Amino acid sequence: MPGPTSGGRAAVPPPPPFATLVARFTADSSTPPLTDIVSLPSALAAGDDPWRIISYLSGLGIFVCGLDDLLRVNDDDSEEELHAWPCREGIAVSIASEGVWVLFVSRGAP
């Protein structure tokens with residue numbers, strides 16, 4: 001039975017904050033992960049981001065125009081290097097080989 005919502009559909013909980021998401025996936029690590037914040041509009045205007053995630057995704061046939069495009073990396077079952085999650089502030093992308101978490105936001109990075 002659906003929960004209380006309009007239209008009879010269960011409410012979708014908001015995504016977790018970036019810090020909570022990173023902590024959930026790095027709890028077993030002895031060193032804190034490196035994190036970075038990237039403004040997606042600035043990265044697109046520059047042609048890439050500091051971690052070259054946009055270029056990497058382009059090589060996989062994923063062309064990033066908006067934040068949700070970053071989530072398409074999860075559609076590739078053979079992809080082991082990058083994973084993406086929605087979070088309250090934007091889209092979090094983990095780079096497995098670097099131990100890095102990058103938060104892409106839709107505005108200028110602080």
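Values in this document were obtained by computation on a predicted structure and should not be read as measured data. (Residues numbered from 1 in each chain as written. Predicted model: local features only at pLDDT ≥ 70, side-chain atom pairs only at ≥ 80, totals over all residues. Heavy atoms only, no water.)

Structurally, Thr-26 is set in helix α1 (residues 18–26). A polar contact is formed between the side chain of Thr-26 and the backbone oxygen of Val-22, at a distance of 2.7 Å. Beyond its immediate sequence surroundings of up to four residues, Thr-26 is in contact with Pro-33 and Trp-101. (Helix = DSSP H or I, 4+ residues; strand = E, 2+ residues; numbered from the N terminus. Polar contact = N/O pair within 3.5 Å; in protein donor to acceptor, adjacent residues only side chain to side chain. Contact = heavy atoms within 4.5 Å.)

This structure, assessed with the given rule, holds three aromatic pairs. A ring pair is formed by Trp-85 and Trp-101, whose centres lie 5.1 Å apart and whose planes are at 25 degrees; its orientation type is stacked. Of this pair, Trp-85 sits in strand β2 (residues 82–87) while Trp-101 is found in strand β4 (residues 100–105), placing the two residues 16 residues apart along the sequence. Through a chain of ring-to-ring contacts, the aromatic side chains of Phe-25, Trp-85 and Trp-101 assemble into a single cluster. (Phe/Tyr/Trp six-rings, centres within 6.5 Å; stacked < 30°, edge-to-face > 60°.)

Counting 19 residues, the largest nonpolar core has Ile-53, Leu-57, Leu-70, Leu-82, Val-93, Val-102 and Phe-104 as the members making the most contacts within it. Put simply, the parts of the chain that give this core at least two residues each are α2 (40–46), α3 (53–59), β2, β3 (90–95) and β4. Core analysis: the second largest hydrophobic core is formed by eight residues, Phe-18, Val-22, Ala-92 and Val-105 among them. (Core = buried A, V, L, I, M, F, W, Y, C linked by side-chain atoms within 4.5 Å. Buried < 20%, exposed > 50% of the residue type's maximum accessible area, 1.4 Å probe, protein only.)

Honestly, that's just the spatial picture; any functional story needs more than this.
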